[in-house]
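What follows is the residue order along each chain.
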Amino acid sequence: MKVLKASKNNVPAALDLLAKGEVIIIPTETIYGLAADSSSEHAIEKLRQLKGSEKNKLLQRLAANVEDVRQRCSSWDARVKRITSKFWPGPLTLILDGVGWRVPDHPFMRDLIRRFGHPLVATSANLSGEKPALNCEDAVRIFEGRIDLALDAGRGSVGQASSVVRVVGTGLEILREEAISRGPLLECWEGDAKAG
C-alpha cells in the first residue's frame, strides 16, 4: 500500500484510483474512512467486502458542500436548511431520503470530492464490528495488502465518529450521539422553522 500525505500534490493519484473503481483510505476531521465512487456499484460492493458489512447496512455519502446535497434531496425544508447551515461542514451525518449525507470539515477532503465531480461513498476504516481507526497507521495496518492508497493527514481534530440523525417526517431521530451531543441538535431542529 502506498501512503501519501493528504496534500494537493497527491490529489491526482487519489482521483485516478477512484475513477478506476478502487477503494482508498481517507482522512476526515472525525476518524479515518474508506471511500469509493458513489456512482459505481462495483466500487460500492468492493467497499462493502473490504469492510465486511451487511448488504443492507447504510453507507455514508460525503459531499463537497451543502448545495451538492440539497440538489440531490427532495425532502429539503427549513429545518434541514437550518441544521445543515449550523453543523456543516462538520461531524454530522444526516439521513435524508434514505441516504446518510455528510460534508466533512476537512479542506483536503472537500477539495478531493469537488475535483472528483460528485459525492463519495464512505464508511469508517475498520472491519465491521471493530473500533474505527483514528489515525492513518491503524487504518493501514487493518487493510495492508487489500487497498492501494492511504492518504495521511494526521489525527483528526475531532477524533470521534460523527453523530448520526435521521429526518422522520417533521421530527429528528438521533441514531448515534457522538461528536455532537443531543441537546444542540434538537435545539437547532426544534427552533422556529420560519427562521430557516
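Before reading on, note that the structure itself is shown above.
Residues numbered from 1 in each chain as written. Predicted model: local features only at pLDDT ≥ 70, side-chain atom pairs only at ≥ 80, totals over all residues. Heavy atoms only, no water.

## Focus on the pairing of strand E6 (residues 99-102)
Quick reminder of the rule: Paired strands are those between which DSSP finds at least two bridges. Per the convention used, a helix needs a DSSP run of H or I reaching at least four residues, while a strand needs a run of E reaching at least two, with both numbered from the N terminus.
Relative to E6, strand E4 (residues 60-62) runs parallel, the two sharing three bridges. Looking at E6, one finds that Arg61 is bridged to Trp101. Where strand E5 (residues 92-96) lies against E6, three bridges are found, and the strand directions are antiparallel. When the bridges of E6 are listed, Ile95 appears paired with Gly100.

## Observations concerning helix H5 (residues 107-116)
Let me state the cut-off plainly: Think of it in three bands: residues with accessible area under 20% of the maximum for their type are buried, residues over 50% are exposed, and the middle band is partly exposed, with areas taken using a 1.4 Å probe on protein chains only. Throughout, a contact is declared for two residues whenever any of their heavy atoms are within 4.5 Å.
Those residues of H5 that sit buried are Phe108, Met109, Asp111, Leu112, Ile113 and Phe116. Contacts made by the buried residues of H5 are with helix H1 (11-19), strand E2 (24-26), strand E3 (33-37), E4, strand E7 (120-124) and strand E8 (149-152). At the exit of H5 stands Gly117, carrying a positive phi of roughly 105°.

## Overview of the environment of Thr93
Definition in use: Two N or O atoms count as a polar contact when they lie within 3.5 Å, although within protein this holds only if one can serve as hydrogen donor and the other as acceptor, and sequence-adjacent residues are included solely when both atoms are side-chain atoms.
Among the structural elements, Thr93 can be located in strand E5. Its relative accessible area of 4% is what places Thr93 among the buried residues. In contact with Thr93, not counting residues within four places along its chain, are Gln60, Gly100, Trp101, Arg102, Ser162, Ser163, Val164 and Val165. A polar side-chain atom of Thr93 sits 2.5 Å from a polar atom in the side chain of Gln60.

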